[in-house]
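# Reading the structure
The primary structure of each chain is shown beneath.
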Amino acid sequence: MLEVYVLGATGLVGQRFVQLLSGHPWMRIAGVAASHRSAGRKYRDSVRWVLESPIPDEVADLNVDPVDPSAIPEEVSIVFSALPSQVAAQVEPELAKRGFVVVSNASNMRMDGDVPLIVPEVNPRSLDLVKAQREARGWDGFIVKKPNCSTTILALPLKPIMDRYGVSQVSVVTLQAVTGAGFSGVPSVAIIDNVVPYIAGEEEKIEGELPKILGHVDVRATTTRVPVLDGHMEVAYVETAHEAEVEELVKVLSSFRGVPQELGLPTAPRDPIVVRQEVDRPQPRLDRWEGRGMSVVVGRIRRYGDRTIRFLVLGHNTVRGAAGNSILTAELLIKWGLVA
Ligand SMILES: NC(=O)c1ccc[n+]([C@@H]2O[C@H](COP(=O)([O-])OP(=O)(O)OC[C@H]3O[C@@H](n4cnc5c(N)ncnc54)[C@H](OP(=O)(O)O)[C@@H]3O)[C@@H](O)[C@H]2O)c1
């Protein structure tokens, strides 16, 4: 059993890490850390737990540490980071320098050329970059990043479409859940009975990260926040190089499997992409737990002319869009012998 450590464990993504790692066959949480507001008390006393299941017993009585790279025990193999990016920018390189493997949700360093930005079914071989990263930076450890939540969810259906038909341009409009903004992200007075048509920095992240993951593609994104608790919906228009028939496209998406499925990794869903044929699906409340939150659900596929397809995709933002994708990445690192 490998010992892992969660930074930002009291936040919304951190809580998901704690929940999803409970009972994990390969990893055990050895420690948790958060800001000075939470540190120094037991996890059960400091966290404002908001998830569906109770706080796992094995974590409830752990003391919450302050975030301090020099205090993380050497026995820890993987550090999962759910810190705000400004904090992560200070802490994560220090951890990699000290020899830890860092799997991070924070947006800093995502676009650095030697930093893998991983959706395990889509671009697993980008993990090869860690060798160059270690050499270039002189680190014993390394940093792997998870893409932005909306990027992660959209990359899954785009991958088989790109492989089969070629993709030249993607236009996407997102309808993002409030938990995507973190614990104190969106005031209730701003979001109840409302749609907020702007999320700072989000459009640029999607437009920059998708080409890093998928290769050359022109992406245009409009991002909005909607009064949904969990589950990001995205409306995508995709220009393909070759003609795509709807019936065949459904098969291409439904039959898509990646390396995590081939290897039978513990967090891999059987079907990374589930296609719903009903006219009123996907819906956040009905579909976000598909594949234990690790599958994305595609629906409303429509064709315009020979070369344009439209579909909606929904994914659980703190599971596939954050902690679950990071845990799946860690499983791949372990399986490929990249974790000591
Ligand atoms: N929410 C999502 O769906 C989502 C999806 C993808 C990526 N992300 C990224 O994941 C990271 C965490 O997001 P989140 O939604 O979980 O945020 P959050 O709910 O605000 O949680 C932030 C965590 O970081 C800790 N923290 C805050 N300021 C700190 C400081 N100065 N020093 C040390 N620790 C500090 C907090 O501790 P306290 O509780 O003590 O304040 C908390 O544990 C962010 O980088 C975010 O952009 C989030």
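Criteria and cut-off values
Residues numbered from 1 in each chain as written. Predicted model: local features only at pLDDT ≥ 70, side-chain atom pairs only at ≥ 80, totals over all residues. Helix = DSSP H or I, 4+ residues; strand = E, 2+ residues; numbered from the N terminus. Buried ≥ 20, exposed ≤ 12 C-beta atoms within 10 Å, placed from the backbone. Domains from an automatic or database assignment. Contact = placed C-beta atoms within 7 Å. Nonpolar A, V, L, I, M, F, W, Y, C, P; charged D, E, K, R; others polar. Core = buried A, V, L, I, M, F, W, Y, C linked by C-beta atoms within 7 Å.

In this section: unusual backbone geometry. The residue after R281, namely P282, is reached through a cis peptide bond having omega 5°. Structurally, P282 can be placed in the loop between β10 (273-275) and α11 (284-287). Positive phi outside glycine occurs at M109, with the angle close to 70°. Tracing the backbone shows M109 in the loop between β5 (101-104) and α5 (129-137). The exposure class assigned to M109 is partly exposed, which follows from the 18 C-beta atoms found within 10 Å. For R292, which is not a glycine, the phi torsion comes out positive at approximately 55°. Its place among the elements puts R292 in the loop between α11 and β11 (296-304).

With that settled, the discussion passes to the domain arrangement of the chain. The domain boundaries assigned to the chain delineate domain 1 (2-147 + 323-335) and domain 2 (149-316). The centre of domain 1, based on its C-alpha atoms, is set 24 Å off from the matching centre of domain 2. On the side of domain 2, 24 residues touch domain 1, which itself brings 24 residues to the contact. With 7 residues, helix α12 (residues 319-335) is the largest single contributor of residues to the side of domain 1 that touches domain 2. Class assignment for the residues of the side of domain 1 that touches domain 2 results in 13 nonpolar, 6 polar and 5 charged.

With that settled, the discussion passes to the nonpolar core. The nonpolar side chains of soluble globular proteins are, as a tendency, buried together. In terms of nonpolar packing, the biggest core is built from 95 residues, with V6, L7 and F17 touching the most fellow members. Of the residues that make up this core, three or more belong to each of domain 1 (2-147 + 323-335) and domain 2 (149-316). Setting aside anything within four residues of it in sequence, one finds L7 in contact with A33, V67, V79, F80, S81, A82, L83 and V91.

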